[in-house]
Amino acid sequence: MAINLLDFARNCRRLAKQAFGSHAGKPASGGLPRWVHVVVHCLRVEEGWTYPEVIDRLSLMPGICELLGLLPEALPDPTTFWHSFDRYAMRVWRALLRVSAQQHPNSGHVALDSTFFERGHASHYYLKRADRTIKTLKVTTLTDTESLAVLDVHCSAKWRHDTILGRKLVRRNADELVSVAADKAFHNWPIRYEYMAESIEPLLLRSGSTLGPILHNTLIRSNGYTQRWMAETSYSSTKRSLGSELRSLGWYRQFREIVLMFAVHNIENLSETL
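All of these numbers come straight from a predicted model, not from anything done at the bench. Here the residue index of a chain counts from 1 through its sequence in written order. Local features in this predicted model are restricted to residues of pLDDT 70 or higher, and side-chain atom pairs are both shown and tallied only at a pLDDT of 80 or more, whereas totals for entire chains, interfaces and linings draw on every residue. Remark: hydrogens and water are excluded; side-chain values derive from all non-hydrogen atoms of the structure.

S.K.: Account for the overall build of the protein, naming residues and giving values.
M.R.: Numbering of helices and strands runs from the N terminus, with a helix taken as a DSSP run of H or I at least four residues long and a strand as a DSSP run of E at least two residues long. When helices and strands are counted, the protein shows 12 helices and five strands. In terms of C-alpha radius of gyration, the protein reaches 20 Å, essentially the compact-globule figure of 19 Å for 274 residues. Any pair of residues with heavy atoms lying within 4.5 Å of one another is described as a contacting pair. A separation threshold of at least 6 residues defines the contact pool for the protein, and within that pool the share at least 24 residues apart is 66%. Working definition of accessibility: Shrake-Rupley area with a 1.4 Å probe, residue cover restricted to the visible protein chains. In the form shown here, the protein has an accessible surface area of approximately 13100 Å², with 53% of it arising from carbon and sulfur atoms. Under the convention used here, Asp and Glu are negative, Lys and Arg are positive, and both His and the chain ends fall outside the count. Every charge is mapped onto a representative atom, which is NZ of Lys, CZ of Arg, CG of Asp or CD of Glu. In the protein, 34 side chains carry a positive charge and 27 a negative one; their mean positions are 7 Å apart. When we talk radius of gyration, it's over C-alpha atoms, and the globule rule is simply 2.2 Å times the number of residues to the 0.38.

Here it is, written out as structure tokens:
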């Protein structure tokens, strides 16, 4: 989906300021305002730029430079933005994801699903030197089935069971949920009772070919389970536009990159299309 990059940058600026709140301005030590770093990282992920390419492309975009308060002929060094991605903790990117999701209508009906992102794309030499054997990261998301906004994300290198990951995501967002749709991997009886205790309708498929599971699965399909595929749609659109390979080397940077990618996905859907 082709979007208006200037409108995308405006939305990023507005949401970055909301995510930082009163801390959106310049740090006490000086330098660029914090929200500028976040907007630049959103543009970097949206366009697939490397850090040196960020500076080169921005120098050719006076409209975006003006929006960010930068001078095209006096842009900072690429390492400025590389270090800021290290410096800003995961809570910053989660705040951006949260405020970007809040811009979409919240139906309360969500879908749980998991996907995988490749982490060996950036440097095979680094993987070998670091003796890294895990080549993919497991990512579980909570997606609104009507707006396709990604509400929350859990990243894992150890591939924990879906029942554990799904429970964490639902607990963090329980106050805003009406129903949760998920496949058999997310189902067990304690989780069903926990969701019902939170007044959340559990649209979870059950395993088995006996009459009980068959009737149960037929009932939840008629109650809205069929909208679970919307989570797969959000994965598909994110990977098509932003890619499924992670460029960062460190695991903590990769986790931040994943959360940022889904925030960018939410912001894309708010921006004007071409």
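That covers the picture; the talk isn't over yet.
S.K.: Outline the packing of aromatic side chains, listing residues and values.
M.R.: Each pair of aromatic rings is reported with the distance of its centres and the angle of its planes. Two rings belonging to Phe, Tyr or Trp (six-membered ring only in the last case) form a pair when the distance between their centres is within 6.5 Å. Interplanar angles under 30 degrees mark stacking, angles over 60 mark edge-to-face geometry, and anything in between is tilted. In this structure the tally under the stated criterion is six aromatic pairs. Look at Phe 117 and Phe 262: their rings are 6.1 Å apart centre to centre, the planes differ by 85 degrees, and that puts the pair in the edge-to-face class. You can see Phe 117 sitting in strand β1 (residues 109–118) and its partner Phe 262 sitting in helix α12 (residues 251–268), a full 145 residues away along the chain. Both residues of the pair, Phe 117 and Phe 262, count as buried. When the centroid spacing of 6.3 Å and the interplanar angle of 65 degrees are considered together, the rings of Tyr 235 and Phe 262 count as edge-to-face. You can see Tyr 235 sitting in helix α11 (residues 229–242) and its partner Phe 262 sitting in helix α12, a full 27 residues away along the chain. We call a residue buried when its accessible area falls under 20% of the maximum for its residue type, exposed when it is over 50%, and partly exposed in between, using a 1.4 Å probe and counting protein chains only. Owing to a relative accessible area of 6%, Tyr 235 belongs among the buried residues under this scheme.

S.K.: Report on the sheet that holds strand β5 (residues 201–204), specifying residues and quantitative values.
M.R.: Here five strands make up an open sheet; going across it, the order is β3-β2-β1-β4-β5 and the pairing mixed. Edge positions in the sheet fall to β3 (150–156) and β5, since each has one partner strand and no second. Strand-to-strand twist of the sheet, defined as the mean angle between neighbouring strand axes without regard to direction, takes the value 20 degrees. Here three bridges tie β1 to strand β4 (residues 179–182), and the two strands are oriented parallel to one another. Residue pairing for β4: His 109 is matched across the bridge by Ser 179. Only strands joined by at least two bridges in the DSSP assignment are considered to pair. Lines fitted to C-alpha atoms define the axes, with helix axes restricted to the stretch in contact, and inter-axis angles between N-to-C directions lie between 0 and 180 degrees.

S.K.: Which residues make up the nonpolar core, and what values do they have?
M.R.: Core analysis: the largest hydrophobic core is formed by 55 residues, its most contacted members being Phe 8, Val 38, Leu 43, Leu 96 and Phe 262. Among the elements that line this core, the one with the most residues is α12, at nine residues. For Leu 96, the residues in contact, after removing those within four places along its chain, are Leu 15, Ala 16, Ala 19, Val 38, Cys 42, Leu 260 and Ala 263. As used here, the term nonpolar core means buried Ala, Val, Leu, Ile, Met, Phe, Trp, Tyr and Cys residues forming a set that is joined through side-chain atoms within 4.5 Å. Ranked by size, the runner-up nonpolar core spans 17 residues in total, among them Leu 142, Ala 149, Leu 151 and Phe 186.

S.K.: Which residues make up the pairing of β5, and what values do they have?
M.R.: As judged from the four bridges shared by β4 and β5, these two strands associate in the parallel manner. Within β5, the residue paired with Ala 181 across the bridge is Leu 203. The parallel pair β4 and β5 is bridged by helix α9 (residues 189–197), and the resulting crossover is right-handed. We call a crossover right-handed when, viewed with the strands running away from us, the connection from the first strand over the helix to the second turns clockwise.

S.K.: If you had to explain the packing of helix α2 (residues 34–47) against helix α3 (residues 51–58) to someone new, which residues and values would you point to?
M.R.: Closest axis-to-axis distance for the α2/α3 pair is 10 Å, and the angle between their directions is 100 degrees. By the angle between their directions, the pair α2 and α3 is classed as roughly perpendicular. Within the contact between the two elements, α2 uses Val 40, His 41, Leu 43 and Arg 44 and α3 uses Tyr 51, Val 54 and Leu 58. An angle below 35 degrees is read as roughly parallel, one above 145 as roughly antiparallel, one from 65 to 115 as roughly perpendicular, and any other as oblique.

S.K.: Can you lay out the environment of Arg 91 for me, pointing to particular residues and giving the numbers?
M.R.: Within the fold, Arg 91 resides in helix α6 (residues 90–102). Taking the C-alpha atoms as reference, Arg 91 lies 30 Å from Asn 188; in sequence the two are 97 residues apart.

S.K.: Summarise the side chain of Ser 114; cite the residues concerned and give the values.
M.R.: Mapped onto the fold, Ser 114 is located in strand β1. Note on Ser 114: relative accessible area 18%, which makes it buried. Each polar contact in these results corresponds to two N or O atoms within 3.5 Å; when the atoms are within protein, one needs to be able to donate a hydrogen and the other to accept it, and residues that are neighboring in sequence are counted only if both atoms are side-chain atoms. Only 2.8 Å separates the side chain of Ser 114 from the side chain of Thr 140, close enough to count as a polar contact. A polar side-chain atom of Ser 114 sits 3.1 Å from a polar atom in the side chain of Asp 162.

S.K.: Please give an account of the side chain of Asp 113 that cites residues and values.
M.R.: Inspection of the secondary structure assignment puts Asp 113 in strand β1. The buried category is assigned to Asp 113, whose relative accessible area is 7%. Setting aside chain neighbours within four positions, we find Asp 113 in contact with Val 139, Thr 140, Thr 141, Asp 183, Phe 186, Arg 228, Ala 231, Glu 232 and Tyr 235.

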